[in-house]
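Each chain, letter by letter, is given below.
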Amino acid sequence: EAGVAQSPRYKIIEKRQSVAFWCNPISGHATLYWYQQILGQGPKLLIQFQNNGVVDDSQLPKDRFSAERLKGVDSTLKIQPAKLEDSAVYLCASSLGFGSSYEQYFGPGTRLTVT
Amino acid sequence: AQSVTQLDSHVSVSEGTPVLLRCNYSSSYSPSLFWYVQHPNKGLQLLLKYTSAATLVKGINGFEAEFKKSETSFHLTKPSAHMSDAAEYFCVVSYNAGGTSYGKLTFGQGTILTVHP
């Protein structure tokens, strides 16, 4: 079974530029998550989708971050404009369903450096 | 609100000796608790989970954890460390109540485990 795929793996941009990350979840997984992991901290949930609808985006900085889930499968996370404090690893995860009884499977992450 | 506190940011052990990674949680509702492991340049992997069944939970690679409600703890243990156990470990709590926070994972700060030969 293929895992969660993310691209690119690494990205370096200057502040005020824009960047986009892509995630392809495990086939058949209805729920998709984006997390931000700042160096030295645990991952923090940014947004959660159930199929193509947003369930929770309470911690997404909506003035600069946006996310969509195309046709309930792939998802993109965009930052525009980027700030220095956005430097982090962005993790995508997926699960069969919604709730703690469903295991979340994580991708390898995209490491973003903002200079 | 839910939160987890991992009591040690770094733990160092010798190969073949026991491992203890400590975690305390806070949750207004009956929690689900997890331990995840993150090896360098690899994705997070679930080690084990507690979801209100047996309080002693066995996971992969010889790890286990015990849910102690009276102490609000969920410490991770392994009888004998292996070099391949060197990684960062995260204790995670999740709500079991309803609403939009249902199933939301809240991660601890992480504990880096170093294993010496």
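A few points on the structure. (Residues numbered from 1 in each chain as written. Chains lettered and ligands numbered in written order. Predicted model: local features only at pLDDT ≥ 70, side-chain atom pairs only at ≥ 80, totals over all residues. Heavy atoms only, no water.)

1. So, the interface of chain B and chain A
Across the contact, 22 residues belong to chain B and 23 residues belong to chain A. For the pair chain B and chain A, the summed buried surface comes to about 1,800 Å²; carbon and sulfur atoms form 49% of the total. The tally of links between chain B and chain A comes to 0 salt bridges. Applying the counting rule to chain B against chain A returns 1 residue pair in polar contact (both at pLDDT 80 or more). Of all the elements in the fold, those that place two or more residues in the side of chain B that touches chain A are β5 (32-38), β6 (44-50), β10 (87-94) and β11 (105-107) of chain B. (Contact = heavy atoms within 4.5 Å. Buried area = accessible area lost by both parts, 1.4 Å probe. Salt bridge = Lys/Arg side-chain N within 4 Å of Asp/Glu carboxyl O. Polar contact = N/O pair within 3.5 Å; in protein donor to acceptor, adjacent residues only side chain to side chain. Helix = DSSP H or I, 4+ residues; strand = E, 2+ residues; numbered from the N terminus.)

2. Digging into the packing of aromatic side chains
As enumerated under the stated definition, the model contains 14 aromatic pairs over all chains in all. Centroid distance Phe21(A) to Tyr90(A): 5.0 Å. Interplanar angle 25°. Geometry classified as stacked. Residue Phe21(A) is located in strand β3 (residues 19-24), and its partner Tyr90(A) is located in strand β9 (residues 88-95); the two are separated by 69 residues in the primary sequence. Judged on exposure class, the residue Phe21(A) and its partner Tyr90(A) are both buried. Through successive ring pairs, a cluster of aromatic residues spans Tyr33(A), Tyr35(A), Phe106(A), Phe34(B), Tyr36(B), Phe90(B) and Phe107(B). (Phe/Tyr/Trp six-rings, centres within 6.5 Å; stacked < 30°, edge-to-face > 60°. Buried < 20%, exposed > 50% of the residue type's maximum accessible area, 1.4 Å probe, protein only.)

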